[in-house]
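As a plain string of letters, each chain reads:
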Amino acid sequence: MEVVIAKDYKDMSRRAAILIAGQVMGRQQSVLGFATGSTPVGTYSELVAMYREGIVDFSGVSSFNLDEYYGIGPDNPCSYRRYMAENLFDHINILALNTHVPNGLAADIEAECRGYEEKIRLAGGIDLQLLGIGNNGHIGFNEPADFFPAWTHLVDLAEDTISANARFFASPAEVPRSAISMGIRSIMAARRIVLLANGAGKAKAIKNMVEGPITPSNPASILQIHPKVTIIVDREAGAHLA
Ligand code: GLP
């Protein structure tokens, strides 16, 4: 694991955007794995700025998002599909048909999950997966459990996660209680992983991920055995690291 302590949120975002832009420059047909949440918003705006300056061209890129709430559609303002449109896709030249987010309204969940994995496989696998981390160590929506969920699946969200995400919804009652998420194997299969965290609230999760035991009760700890992972944190999130 390579751990980079950035000066602040802006510096963390810029460093992440540079890694992503570098990946796309090296391979125009790159397959990128995207994350949502508040953490990567700055990274996406840096990428938009780089696109506007002509530094990076997304016309050949395909993307797969980690997860989507179950039971809400792409037009719901709280859906991750809408988040991606607003923060990134609508401002760069990625082709809409090359962007993938699990369908939160899928009637046949099993088929949706299998189909999502198949699309990743047909695209050639993910070159670079961007990740955030939940306060409880979740990645994507892989919650602490007694096993590592393998592939894309339906998840019951932990109470922690529901309350952490309530800030994005009009009322806590509106926060979906389940989601479709790529599994730990889907994430670990990415050729490169970049995980971001900022703020003191993430310091414990970061320390446990980097220095704690590898255990499904702390899903992010599995990243210790990925051969190419870069963790970029601001000073606050990195504060408890040895
Ligand atoms: C959600 C997402 C995760 C994200 C996490 C942290 O649960 N499914 O992918 O990493 O939130 O979000 P934030 O960046 O807002 O702290």
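Quick summary incoming for the structure in this document. (Residues numbered from 1 in each chain as written. Predicted model: local features only at pLDDT ≥ 70, side-chain atom pairs only at ≥ 80, totals over all residues. Heavy atoms only, no water.)

### Notes on the overall build of the chain
Then, number 1: Broken down by element type, the chain carries seven helices and 10 strands.
Then, number 2: Expected size for 242 residues packed as a compact globule is a radius of gyration near 18 Å; at 17 Å, the chain falls within 12% of this value.
Then, number 3: A burial count over the chain gives 56% of its 242 residues as buried.
Then, number 4: Considering only contacts in the chain between residues 6 or more positions apart, those separated by 24 or more positions represent 80%.
Then, number 5: Total accessible area on the chain is roughly 10500 Å²; 53% of this is exposed by carbon and sulfur atoms.
Then, number 6: Taking the 21 positively charged and 26 negatively charged side chains of the chain as two groups, their mean positions are separated by 6 Å. (Helix = DSSP H or I, 4+ residues; strand = E, 2+ residues; numbered from the N terminus. Rg over C-alpha atoms; globule rule 2.2 N^0.38 Å. Buried < 20%, exposed > 50% of the residue type's maximum accessible area, 1.4 Å probe, protein only. Contact = heavy atoms within 4.5 Å. Areas by Shrake-Rupley, 256 points an atom, 1.4 Å probe, with all protein chains shown as cover. Lys, Arg positive; Asp, Glu negative; His and termini not counted. Charge placed at Lys NZ, Arg CZ, Asp CG, Glu CD.)

### Brief notes about a nonpolar patch on the surface
Then, number 1: On the surface, a nonpolar cluster with roughly 220 Å² of combined accessible area is contributed by Met1, Val3 and Ile5.
Then, number 2: Relative to the assigned elements, Ile5 resides in strand E1 (residues 2–5).
Then, number 3: The partly exposed category is assigned to Ile5, whose relative accessible area is 43%. (Patch = residues over 30% accessible without salt bridge, like charges linked within 9 Å, V, L, I, M, F, W, Y side chains within 5 Å. Salt bridge = Lys/Arg side-chain N within 4 Å of Asp/Glu carboxyl O.)

### Brief notes about the sheet that holds strand E10 (residues 229–233)
Then, number 1: Pairing within the open sheet is parallel, and its seven strands lie in the order E1-E10-E9-E6-E2-E3-E5. Of all strands in the sheet, those with a lone pairing partner are E1 and strand E5 (99–100), marking the two edges.
Then, number 2: Sheet topology places E1 next to E10; four bridges connect them, and they run parallel. Considered in E10, the bridge of Val4 is made with Ile232. (Pairing = 2+ DSSP bridges.)

### Regarding the site of the ligand
Then, number 1: In the region of the ligand, 14 residues are neighbours, and Ser38, Thr39, His138, Arg167 and Lys202 sit closest.
Then, number 2: Lys202 is positioned with one of its side-chain polar atoms (N or O) 2.6 Å from an oxygen atom of the ligand.
Then, number 3: When the residues that make up the shell around the ligand are grouped by side-chain class, the tally is three nonpolar, eight polar and three charged. (Near = heavy atom within 4 Å. Polar contact = N/O pair within 3.5 Å; in protein donor to acceptor, adjacent residues only side chain to side chain. Nonpolar A, V, L, I, M, F, W, Y, C, P; charged D, E, K, R; others polar.)

Function-wise, these values are silent; they only describe arrangement.
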